[in-house]
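Fold and geometry: a report
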Amino acid sequence: MTNFDVDEENLPSSSLDLEVKLPGLFRPELSVDNRQDAEKIAFSSDFSYSNKVRYVAEDDDAPTLKIRDARTHQDSPLTEDGAASLFHKKGFCLFPHQTKVKRWNEDYLKGMIFGSDISKIYALELESIIRNYLLPEYHVISVDCPPAVLRRGPSSKNEFYGTGVHQDYGLTLEDYKSTLAAYDPTGQVAKQVQKKFDTDEVYGMMVINFWRTIGGYTKANPLRSKPLAVCDPAFVNTNDTVHTALDAKVVGGIKGKQTDQMALKYSSQQHWYYYPNMTDDEVLVFKQFEVWKDDPMSKRETMPVRGVFHTAFEDPTTPEGCPPRKSTECRVQVFVGKRKDEDSSPSEEKCDLPAPLWPKSGSEWGWLACDMGSIGMIFAAAWSECPAIPEYLNFIISFAVVGMLEGLIKFQYSLRREGNDKRYPCAHSFSSILGLIQLALGIWGMALVFPNVAYLSNPSPETCETGPIIAMFIPSIIIAVVLVGLVGYGIYSFVVKKRSECE
């Protein structure tokens, strides 16, 4: 068992400490096998186990636990540095944070294709917290924030709450990849995680959960229903963890696949906490998963517990008629390198992150205007005649639409800003594909217009009027110049390479 330097006995007492029966703890007499290849205990379709091995809150012999008021461990009022200090000690904290997010997108596919407040705003806010406060002592290699969040409560896709003590991703990297594969039919996500983890610059990885209320909760009207309880991992023994599985299809995954999770046997040594009276200007941050390259991952039963077990629970002080909780969580994957004090290279005291996607700069609006100028080609051609080149309208519309779509994607994701091609790889790839399509269309245009360039000096409704021929000629010339440049660059690179080989 791993212990932090925490003096629990001399902490200030709080009138908001609770005595409750937490749902879903396993009975301590349960015999478990935590080896990697051992059979997992599976949930049934209604998320339950046999009560012979697992307590339910209504059981007379279910243990009553002390749930400590975690606010007594932090500054009042909250500070960023105080929150970060507790995160380092316990793996969780309450962080003061006013977000600019207005729309809490739940649709992952929509967020990947069109973007969302989560990818445009929240991702940058959370990356700043991670780099500057939670992990400032490390070289953070990458921060991967999803384009959507998991919402709970009324008007969300998940009106039920995560009631039952659990930890979502297991102990080892194999556990984590198993859960990822349960939701990904291609299997590529888990492979990419392993590939990134195996790079020399990466020393470890973790998943950090940012859990917050979004129901308009204020100090005068804070959250009172179904708060989240968290367990200090320093007081969880690996032998008290239970390797569990859930049918992925039940939670939106792949039929026949299982997630890889953990439950917990009751122990009087465990320390539970909650944050009473949360508001929308606070976010509960906790580690869901953490693994390092020097961990004994070949022996799962000896792995330390770092992920925070948690559960929603019934607060006995909740007023009658209190509206149900509205909350959201965002799980952020972080790859970590060396500690900065182990690296001789200089580092900034604070990490300056890229500006949010909005507002746009003047140059970006200028580029958008240029890209949207293609619509003029359509107007120039649509009301003119060019019987000598029957395909002219198909070419002009195709070239203009592809060009405008590429321009909109570059504008939306600010792909002309340094580094945004790596920050939004899907958008960058799609934009590059559109560019290649536009190049191919341009070659088609060259084949159409160059043999008929004489119509520029002698336009006629019987052959080709000025509008269509110019609308085809301008993009064809641009593509021709691009092709000449590419060929010239290729020849130059070849000559330079051969010269260096000779020397």
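The sections below set out a description of the structure shown in this document.

1. Some remarks on helix 5 (residues 188-197)
Of the positions making up helix 5, those classed as buried are Ala-190, Val-193 and Phe-197. In a view along the axis of helix 5, the buried residues occupy a sector of 60°, so they form one face of it. Opposite the buried face of helix 5, by more than 90 degrees, sit the exposed residues Lys-191 and Lys-195. Contacts made by the buried residues of helix 5 are with helix 4 (173-181), strand 7 (204-213), strand 12 (282-292) and strand 14 (327-339).

2. Observations concerning the sheet that holds strand 8 (residues 228-231)
One open sheet holds the 5 strands; their spatial order is 1-3-11-8-13, and the pairing between them is mixed. Every other strand in the sheet has two partners, leaving strand 1 (18-20) and strand 13 (310-312) as the edge strands with one partner each. Across the sheet, the mean angle from the axis of one strand to that of its neighbour is 30°, orientation sign disregarded.

3. Describing the nonpolar core
In terms of nonpolar packing, the biggest core is built from 44 residues, with Leu-134, Leu-135, Ile-208, Phe-210 and Val-334 touching the most fellow members. Among the secondary structure elements, those contributing two or more residues to this core are helix 1 (80-90), strand 4 (92-96), helix 3 (117-134), strand 5 (138-144), strand 7, strand 8, strand 12 and strand 14. Broken down by element, this core gets its largest block of residues, 6 residues, from helix 3. Setting aside its immediate chain neighbours within four residues, Val-334 contacts Ile-130, Leu-135, Val-140, Ser-142, Val-143, Gly-204, Met-205, Met-206 and Ile-208. The next biggest cluster of nonpolar side chains, apart from the first, holds 33 residues, and it includes Leu-25, Leu-171, Ala-229 and Tyr-274.

4. Section: the state of the cysteines
The full count for this structure, using the stated rule, is 1 disulfide. Between the sulfur atoms of Cys-386 and its disulfide partner Cys-464 the distance amounts to 2.0 Å. In this structure, the disulfide formed by Cys-386 and Cys-464 twists by about -105° around the S-S bond and is classed as left-handed. Separated by 78 residues along the polypeptide, Cys-386 in the loop between helix 7 (375-382) and helix 8 (392-412) and Cys-464 in the loop between helix 10 (425-449) and helix 11 (466-502) bring together distant segments of the chain. What makes Cys-386 buried here is its relative accessible area of 2%.

5. Some points on a nonpolar patch on the surface
Judged by side-chain polarity, Val-453, Leu-456, Ile-470, Ile-474, Ile-478, Val-482 and Leu-486 come together as a nonpolar surface patch covering roughly 560 Å² of accessible area. Residue placement: Val-482 occurs in helix 11.

6. Description of the pairing of strand 7
Burial of strand 7 is extensive: 10 of the 10 residues sit out of reach of the surface. On strand 7, burial covers both faces: Gly-204, Met-206, Ile-208, Phe-210 and Arg-212 on one face and Met-205, Val-207, Asn-209, Trp-211 and Thr-213 on the other are all buried. Bridge analysis of strand 7 against strand 12 gives 8 bridges, and the strand direction is antiparallel. When the bridges of strand 12 are listed, Val-207 appears paired with Phe-289.

The rules behind the values
- Residues numbered from 1 in each chain as written.
- Predicted model: local features only at pLDDT ≥ 70, side-chain atom pairs only at ≥ 80, totals over all residues.
- Heavy atoms only, no water.
- Buried < 20%, exposed > 50% of the residue type's maximum accessible area, 1.4 Å probe, protein only.
- Helix = DSSP H or I, 4+ residues; strand = E, 2+ residues; numbered from the N terminus.
- Arc of directions from axis to C-beta.
- Contact = heavy atoms within 4.5 Å.
- Pairing = 2+ DSSP bridges.
- Axes fitted to C-alpha atoms, helices over the stretch in contact; angles between N-to-C directions.
- Core = buried A, V, L, I, M, F, W, Y, C linked by side-chain atoms within 4.5 Å.
- Disulfide = S-S within 2.5 Å.
- Patch = residues over 30% accessible without salt bridge, like charges linked within 9 Å, V, L, I, M, F, W, Y side chains within 5 Å.
- Areas by Shrake-Rupley, 256 points an atom, 1.4 Å probe, with all protein chains shown as cover.
- Salt bridge = Lys/Arg side-chain N within 4 Å of Asp/Glu carboxyl O.

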